[in-house]
Amino acid sequence: MTFTTSREAYDAFMGRYADLLAPRLIAFAGVEPGDRVLDVGCGPGSLTQPLAELVGPDHVAAVDPSEPFAAANAERVPGADVQVGSAESLPWAADSFDAALAQLVVNFMSDADASIAEMRRVVRPGGILAACTWDYSGGMTMLRTFWDAALSLDPETPDEARTMRYNDPDVLRELWLRVGLEEVENDTLVVEASYRDFDDYWDPFTGGVGPAGTYTVSLDPDRRAALREECRRRLGDPAGPFTLSAKAWAVKGRA
C-alpha cells in the first residue's frame, strides 16, 4: 500500500530525485537510440519519460504493480507500452528487449532473484540489465536524516538501512552474478535535489509514500510533531532554500 498514492505525492517525495537520477542510470546502462527498452517498476514515469525521449515511445515498455502509478505513467508517456504487473512475471515474450532497467525498485521486489531472472528472460542475448538502489546507510541524505531523527526518538524504528537487503554495491553485484549475468559492473550515481524551505522537505513525508511515508502517517500527532522538529534540527533549522545530495549504487550486466 506504500505506492498507491498519486503522482503528485510521489513527485513531491521521491520524484524530484528520481527524475534527476534517471538520465544517469540510462547513461550507465548504455542505452542508445533505436534500442527497445523495458522499465521495470516504472512508478509514475521518472525513467520511462527520458527513455522515450531517447529511443522513442514506441520502443519503450514499462510495468508497475501499482495501478495509479501505471496510469500516471501511461498519461505521461503516450505511445509507450505501459502495463500493470509484477516484476516476477513480466508480460512480454523472451528476447523482446535490448535492455531492461529498474530504478529504485530492487528492494521492493517480492523476489529479487526471480525478478532479475525475468528481466534476463525478456532481454535478448547480449542485452543489458541495469538497476540502482539508494545508499540508505548514509548517502541518501533526505532519508538518512529522517531515519536518524526517528531512531533518536524510538530505537525500534524500522530504518531502511536495516530493512533493505540490497543496500550496497556488493550485494547488487552478487544478485546479478547469481542470475547468470556477465560483464557485471558497479558504479555510483549522485544527484542533488532542491527544497524551497523545511516544509517542502517535511510535508511529502505526510503523503504516505514509501516506507518513510508509511511510518510517518502511522504516528500519533504528538510523535509526528516530535519527529518533524527533530528532522528540522538535524537539517540545521533551514529558514529558506537548501539542497540535499543523494547517492545511489548502480549495477549492470550482460545477458
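Read on for a plain summary of the structure. Chains are numbered independently. Their residues run from 1 in the order of the written sequence. Residues qualify for local features only when their pLDDT is at least 70, as the model is predicted, and side-chain atom pairs are given and counted only at 80 or more; totals for whole chains, interfaces and linings, by contrast, use all residues. Hydrogens and water molecules were not included; the side-chain quantities draw on all heavy atoms of the structure.

## What to know about the overall build of the chain
Applied cut-off: Labels follow the DSSP assignment, with helices taken as runs of H or I lasting at least four residues and strands as runs of E lasting at least two, numbered in each case from the N terminus. Radius of gyration here uses only the C-alpha atoms, and the compact-globule reference equals 2.2 Å multiplied by the residue count raised to the power 0.38. Three labels apply to residues, based on accessible area from a 1.4 Å probe with only protein chains included: buried if under 20% of the type maximum, exposed if over 50%, partly exposed otherwise in between. We call two residues in contact whenever any of their non-hydrogen atoms come within 4.5 Å of each other. A 1.4 Å probe and the Shrake-Rupley method give the accessible areas. Residues count as covered only by the protein chains that appear here. We count Lys and Arg on the positive side and Asp and Glu on the negative side, and we leave His and both chain ends out. Charge positions are represented by NZ for Lys, CZ for Arg, CG for Asp and CD for Glu.
A count of helices and strands for the chain gives 10 helices and 7 strands. Relative to a compact globule of 255 residues, whose C-alpha radius of gyration would be 18 Å, the chain shows 18 Å and is just as compact. In the chain, buried positions account for 53% of the 255 residues. If you take every contact in the chain between residues at least 6 apart in sequence, the share linking residues at least 24 apart comes to 74%. With an accessible surface of roughly 10,500 Å², the chain has 49% of that area assigned to carbon and sulfur atoms. A gap of 3 Å separates the mean positions of the 23 positive and 41 negative side-chain charges of the chain.

## Some details on the sheet that holds strand 3 (residues 81-84)
This is how it is decided: For two strands to be treated as a pair, DSSP must find at least two bridges joining them. Between the N-to-C directions of two axes lies an angle of 0 to 180 degrees, each axis being a line fitted to C-alpha atoms and, for a helix, fitted only over the stretch in contact.
Read across the open sheet, the 7 strands follow the order 3-2-1-4-5-7-6; overall the sheet is mixed. Each edge of the open sheet carries a strand with a single partner, namely strand 3 and strand 6 (182-195). Geometrically, the sheet is characterised by an average inter-axis angle of 20° between neighbouring strands, direction not taken into account. Here 4 bridges tie strand 2 (residues 60-64) to strand 3, and the two strands are oriented parallel to one another. In the strand pairing of strand 3, Val63 is matched with Gln83.

## Here we look at the environment of Thr141
Tracing the sequence through the fold places Thr141 in helix 5 (residues 141-153). Thr141 sits in the partly exposed class, given a relative accessible area of 22%. Each C-alpha atom, one on Thr141 and one on Pro211, is 15 Å from the other, the two residues being 70 residues apart in sequence. Apart from residues no more than four positions distant in its own chain, Thr141 is found in contact with Leu244 and Ser245.

## Quick word on the layout of surface pockets
What counts here: Buriedness of a pocket was judged along seven lines, with at least five required to meet protein on both sides within 12 Å; pockets are open sets of points on a 1 Å grid over the protein atoms alone, cavities are sets where a 1.4 Å probe fits but cannot get out, and lining residues have an atom within 4 Å of a point. Grid points are joined across faces, edges and corners, and a volume is the space filled by probe spheres set on the points. Three residue categories are used. Nonpolar comprises Ala, Val, Leu, Ile, Met, Phe, Trp, Tyr, Cys and Pro, charged comprises Asp, Glu, Lys and Arg, and polar comprises the others, including Gly.
The computed volume of the second largest pocket comes to approximately 160 Å³. Along the wall of the second largest pocket there are 16 residues; nearest its centre are Ala29, Gly126, Gly127, Ile128 and Arg254. Listed by contribution, the elements that provide at least two residues to the lining of the second largest pocket are strand 4 (97-103), strand 5 (123-134), strand 6 and strand 7 (242-254). No other element matches the 4 residues that strand 5 contributes to the lining of the second largest pocket. When grouped by side-chain class, the residues that make up the lining of the second largest pocket number 4 nonpolar, 4 polar and 8 charged.

By themselves, these figures tell us nothing about what the structure is for.
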